[in-house]
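# Structural features, examined
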Amino acid sequence: MTSTTDPPFQRDAFLDKPGIVGARWWQDGLAQSDPIARRRALMALLIVGGAAVGIGGIVAIGSAVSSSDSDTKSEPRPSLEMQKQYGWNFGATTEVLTFDGVSTRAFDRTALARMSDDLAPKSATLRRYYVPTLFQSPTAIPLAVPEGDPGTVQPLKDALSPIFTQAMDLAYRRGKALASLFDGRGGDVAVVVDLAGPEAVAFAAGAAGAFDIAFTFDNWPHPRGVVAAHQTLAAAAYFQPLFARHYAPANAPPMFVLDRQRLAPYTDAANQFDNRHIARLPAIADLRALGAKHVLYVTPLDSETTELDDLNESFVAYDRGAVSVRMVAATAFGPEPLMPVLLPSPGAAGTKADAGTKADAGTGATSASMPGGGPPFDLTPWFYGSSTETHDWFWTDYPWATPVHPGKHAPTMSNAGKSYQPRPRSTPFSAAAAPGARPPGFGMTPVIIAVGTGIILGAAISRSGSWNRSSGGWGG
Amino acid sequence: MRHSILAMEVCMRLDPSLRASLRERIVTHPLAASYQDKWNLYMGAAGELLPHVGRFERGCWDYFNDDARAQKDFKMWCDGMTTEEGARVAPSGQAGGYRDEPRYMTFTMAFLLAQDTPCDLAIRALCNVPQTALWRRDVFQRILQGIGYLNFASVKGDVIYVIPGDDAWGLTVEDLTAKKFEYLRLLEG
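Bear in mind that the values here come from a model prediction, so they are computed numbers and not experimental data. Here the residue index of a chain counts from 1 through its sequence in written order. Chains carry letters and ligands carry numbers; both start at the beginning, A for chains and 1 for ligands, and go up in the order they are written. A pLDDT threshold of at least 70 governs which residues receive local features in this predicted model, and a stricter bar of 80 or more applies before side-chain atom pairs are shown or counted, although totals over entire chains, interfaces and linings include all residues.

Where helices and strands are cited, they refer to DSSP runs of H or I of at least four residues and of E of at least two residues respectively, numbered from the N terminus. Scanning chain A from N- to C-terminus turns up 14 helices and 16 strands. Within the span of chain A, comprising 476 residues, buried residues form 49% of the whole. Any residue pair is listed as a contact if its two C-beta atoms, each placed from the backbone, are within 7 Å. Excluding contacts between residues fewer than 6 apart, the proportion of contacts in chain A whose partners are at least 24 apart in sequence is 76%. Exposed residues have 12 or fewer other C-beta atoms within 10 Å of their own C-beta, buried residues have 20 or more, and residues in between are partly exposed; the C-beta atoms are placed from the backbone.

In C-alpha cells, the structure reads:
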C-alpha cells in the first residue's frame, strides 16, 4: 500500500537481457471507482444546479463540478457553438424529433439547402438584420465528433417534416389581415411579430404581400431543446415555397419576426438542452435609417400588457428616440362572425367559421393546402375587429396613416395594446453591461471535459453511449 | 472496477539507434513512477516511433472494453515479456554480412485501463476504426499520436518491452514466421 505522497506506479517486473528489455508497472492504489456511480453523482449535482434556477435560468452551471477523481469536470459552453461543432443533436444523437401537425403535401427536401436564401429579406438594407441561424441548420455538417460520444449524427434535413397546424392556419389569416391594412400605407411602421415560432412564421407568410420579412431565429433545434425550434423550422419548411416566390413591394415596411419561446423556462439541466436565444432588433439609429417612425408589436393575446424581457431596453430606446411603440394582439384580427368560409375541404364545402376566440380553442374552420403547395387556400378575409366595418378603424387606434375608407365604428373587443408604451424596468437582460449581452448561463449547455487533456467528451445530458456503452472492441 | 485494454505491437527492420533509444527509456524509467513520469515515458516512445511508421512491416493492436477479456489479454501481453516468449534464446548475428539477411525488432506496449473513465472513453474513441482499416499503417500512426490521451490516474497497469535488448539478438524472418508471432499481421498502406 502506498501513501498519498508516494509515486503511484510501482515496477513489479523488469528484464534487461540481450533478447528482450522490458518492464511492467502497477498502480495498486488506483481507486475502486465506479464510473456509473460517479456519473450519477455528476447528474445529481447538475440537477441540484437546476433547482437553483432564477428567472434568467441556471447560472454558471458546474464550473466547479468535478468528478471524485478529478478525471472530468463539467463546464458550461455556448449551446449553439457546441451544436455547430458536434451536430444539432449534440448529446442526443439517438433521440428523435417529434413534429405536431405534419403536412402531407408534396415536399422537396432538397430545397432545404436553399432555405436561408429563400427566407431572406428582399431588401439589401434589411438583410443586415436577418438572422438565418435556424435556417442554416438543416444542411449543417458537424465539424468534429465528441471524443466520448461518437454517435452518428443524422443530418437535420433528413429528420425534418414540414408542419401546418391549426394555430398556423389562424396566424396566417391574421397576418394576411394585417397586411391588407398596409396596402400602400404605413410605410413608416416597423412591425415586430412576437408569437410562438410556428405561428410567427405563418403570420409572416400571411403578411408577406405587404412587408419585407426579417426572421431573427438565432438557435438550432435539439431533441431536448427547451425551445421547440424544430417546430419553427418545420413551419418555415412548409411556407418556404411561398417565401421563395415572394417579392416585397418597393419600400415595403419591415417586419421583424421573433420566436416567443426564445425565453422559455429552463429548469432541468440534466434533461433539457438550453437552446434559448435573445431577440436581435436594430438599434434606434438603425431603425430610423430604415424609415421607421413607429413600431407595432404583435403579441398572441390582448392580455399581454408588456413586452418580453429581452425587448425592454430596445423598446424603451425606441420610445425615447421618438419612435412610438404600440402593441396589438394577433387575436384582434378575426373573421366576420356570420360570414361563411369558402373552403374546398373534402366533402364539406362552405364550412362556417367561428369567431376568433372560439377558433383559438381549436374549433375554427379547417383549411386545405393550395394545390401544389403554398399557403392555405381560403377566400375568406379576416379583419381588424372581426368586421369589415371595423377593419380600417385600425388606423384610428394606431393613427399612423390615413385609410381610404375610414372605419365605420370601433371594434367591440378590448385593446389595451393601443395605449401601450414601453417603460424601463429591471429584467435579467437589463443588468448586462453591453446591449444584447446574456445573463450568466443563458443559452449554455454543460459539457463533460477530460481534465488531463482538455478535450470535450460530450454533453452532460448525453445518454447515447458516452457513459453506457455496451461491451465491444476493436483491434488490428 | 471493470477494465478495458489498449495494446499495440509493431515490428520493423532493426534500427540500432531506435532500439537503443527505446531501451534507454525503459531501463531508466523510475521504479516508482508518477503519472507525469508515465505519460512522459509513452509520449517519448511514441515520439520516437512516429517517424518510423512508414517502416512498420507487421503489427497488432487491440482495444477491448470487456472486463474479462481486458484482464486476460493484459496478462497475455505481460507474459510476452516475463516468459521471454518472443525473445531469441541465442544471438542471430548482426544484420548485413554475407547473406544480408534482415534483422527485425518489435516494440510492445499495453495498458490496463479503468473502464468508462474519461481516459478510457477518449482511447475508445481513438480506437473506433472501421474494420477495413484495422491493418493500415496510418491507423497505427493515429493510435501513437493519440497516446497523449492517456491519463495515468485511470491506468491500473502498463507494460512496455522491446525485442531485442542487444543488436546482435535481432529477430530473423524465420523467427517471425513462427507460430508465436502469427498475431503480427502484415501492414497495409
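So, about the overall build of chain B. On a plain count of helices and strands, chain B comes out with 6 helices and 6 strands. Taken over 189 residues, chain B has a buried fraction of 47%. Within chain B, residue pairs in contact and separated by at least 24 positions form 88% of the contacts whose partners lie at least 6 positions apart.

Turning our attention to the confidence of the model for chain A. Residue and element names in this part refer to chain A. Confidence per residue, as judged by the predictor, is encoded in pLDDT with a range of 0 to 100. When pLDDT is averaged along chain A, the result is 79; 77% of the residues meet or exceed 70. When the criterion is pLDDT under 50, residues 31–69 qualifies, and its contacts beyond four places in sequence or with other chains add up to 74 contacts. Across residues 464–472 the pLDDT falls below 50, and counting only partners more than four positions away or on other chains, this stretch makes 20 contacts in the model.

Once that is clear, we can look at the interface of chain A and chain B. At the interface, 44 residues of chain A touch 62 residues of chain B. Mapped by element, the contributors of at least two residues to the side of chain A that touches chain B are β1 (9–16), β2 (21–26) and β16 (473–475) of chain A. Residue type decides the class: Asp, Glu, Lys and Arg count as charged, Ala, Val, Leu, Ile, Met, Phe, Trp, Tyr, Cys and Pro as nonpolar, and the leftover types, Gly among them, as polar. Of the residues that constitute the side of chain A that touches chain B, the class distribution is 19 nonpolar, 16 polar and 9 charged. In this scheme, strands are said to pair when DSSP sees at least two bridges between them. Judged from the 6 bridges that link them, β2(A) and strand β5 (residues 155–163) of chain B form a sheet pairing that is antiparallel. Within β5(B), the residue paired with A:G22 across the bridge is B:Y161.

Quick look at helix α2 (residues 35–49) of chain B now. Residues and elements named next belong to chain B. Taking 1.5 Å per residue as the helical rise, α2 with its 15 residues ought to reach 21 Å, and the 21 Å between its terminal C-alpha atoms agrees with that figure. All of the buried residues along α2 are K38, L41, Y42, A45, A46 and L49. All buried residues of α2 fall inside an arc of 120° around its axis, so they share one side. Helices are assigned an expected span. That span is 1.5 Å times one less than the residue count. Taking the helix axis as origin, the arc is that swept by the directions to the C-beta atoms.

The next subject is the pairing of β5(B). Residue and element names in this part refer to chain B. Most of β5 sits inside the fold, with 9 of its 9 residues counted as buried. Note that strand β4 (residues 104–114) and β5 share 8 bridges and pair antiparallel. Residue pairing for β5: M109 is matched across the bridge by I160.

Negative phi values dominate among residues other than glycine, just as trans dominates among peptide bonds. Of the consecutive residues B:I163 and B:P164, the connecting peptide bond is found in the cis state with omega at 0°. Position of B:P164 among the secondary structure elements: in the loop between β5 and α6 (173–176). Although it is not a glycine, A:S386 sits at a positive phi angle of roughly 60°. Mapped onto the secondary structure, A:S386 falls in the loop between β13 (383–384) and α13 (388–391). By the C-beta count within 10 Å, which is 23 here, A:S386 ends up buried. Even without glycine at this site, B:E84 takes up a positive phi of about 55°. The residue B:E84 is located in the loop between α3 (67–82) and β4 in this model.

Residue and element names in this part refer to chain A. The strand order across the open sheet built from 5 strands is β6-β7-β5-β8-β9, with neighbouring strands paired in parallel fashion. If you trace the sheet from one side to the other, it starts and ends with β6 (212–215) and β9 (324–329), each paired once. Taken pair by pair, the neighbouring strands of this sheet meet at an average axis angle of 20°, ignoring direction. Direction of pairing for strand β8 (residues 294–299) relative to β9: parallel, over a ladder of 6 bridges. In the strand pairing of β9, H294 is matched with S324. Axis geometry follows a simple rule: fit a line to the C-alpha atoms, using only the stretch in contact for helices, then measure angles between N-to-C directions, giving values from 0 to 180 degrees.

Another point: the nonpolar core. Here a nonpolar core is just a set of buried residues of the types Ala, Val, Leu, Ile, Met, Phe, Trp, Tyr and Cys, joined wherever their C-beta atoms sit within 7 Å. Counting 168 residues, the largest nonpolar core has A:V193, A:A204 and B:I5 as its most contacted members. Other than its neighbours up to four places away in sequence, A:V193 contacts A:A200, A:F203, A:A204, A:M255, A:V257, A:L258 and A:V298.

Residue and element names in this part refer to chain A. Inspection of the secondary structure puts V201 in helix α8 (residues 197–207). For V201 and G175, which are 26 residues apart along the polypeptide, the C-alpha to C-alpha distance reads 9.6 Å. Leave out the neighbours within four places in its chain, and V201 touches T232, A235, A236 and F239.

Residues and elements named next belong to chain A. With respect to the helices, strands and loops of the structure, Y398 is situated in the loop between α14 (394–397) and β14 (444–450). Judged by the 21 C-beta atoms lying within 10 Å of it, Y398 falls in the buried class. For the pair formed by Y398 and R326, sequence separation is 72 residues and the distance between their alpha carbons is 7.9 Å. Leaving out residues up to four positions away in the same chain, Y398 has contacts with L296, R326 and K418.

Residues and elements named next belong to chain A. Two elements in contact, helix α7 (residues 166–181) and α8, have axes whose closest approach is 6 Å; the angle formed by their N-to-C orientations is 35°. At the point where α7 passes α8, the crossing takes the right-handed sense. Within the contact between the two elements, α7 uses A167, M168, A171, Y172, R173, R174, G175, K176, L178 and A179 and α8 uses P198, E199, A202, F203, A204, A205, G206 and A207. Grouping the amino acids of the contact of α7 with α8 by side-chain chemistry returns 12 nonpolar, 2 polar and 4 charged. Whether a crossing is left-handed or right-handed is set by the direction in which the near helix is turned from the far one by less than a right angle, anticlockwise for left-handed and clockwise for right-handed.

Mean pLDDT for chain B: 91, with 97% of residues reaching 70 or above. For this predicted complex, the interface confidence score (ipTM) comes to 0.95, while the overall pTM stands at 0.60.

Here α7(A) is 16 residues long and its end C-alpha atoms lie 24 Å apart, about the 22 Å a rise of 1.5 Å per residue gives. α7(A) sits mainly inside the fold: 15 of its 16 residues count as buried.

Take the pairing of β9(A) next. Judged by how many residues are buried, β9(A) sits mostly within the fold: 5 of 6 residues are covered. Between β8(A) and its parallel partner β9(A), the chain crosses via helix α11 (residues 312–320) of chain A, and the hand of that crossover is right-handed. Orient the strands so they point away from the viewer, and a crossover whose first-strand-to-second-strand path over the helix runs clockwise is right-handed.

Residue and element names in this part refer to chain B. One can describe the packing of helix α1 (residues 16–27) onto α2 by two numbers: an axis separation of 10 Å at closest approach and a directional angle of 180°. When the interaxial angle is binned, α1 and α2 end up roughly antiparallel. Residues L18, S21, L22 and R25 of α1 form the contact with α2, whose participating residues are L41, G44, A45 and E48. Tallied by class, residues from the contact of α1 with α2 come to 4 nonpolar, 2 polar and 2 charged. Any angle that is under 35 degrees is reported as roughly parallel, and any over 145 degrees as roughly antiparallel; angles of 65 to 115 degrees are reported as roughly perpendicular and all others as oblique.

The subject of this paragraph is the environment of A:D268. On the secondary structure map, A:D268 appears in the loop between β7 (254–259) and α10 (284–289). Sequence spacing of A:D268 and A:V226 is 42 residues, and the spatial spacing of their C-alpha atoms is 9.3 Å.

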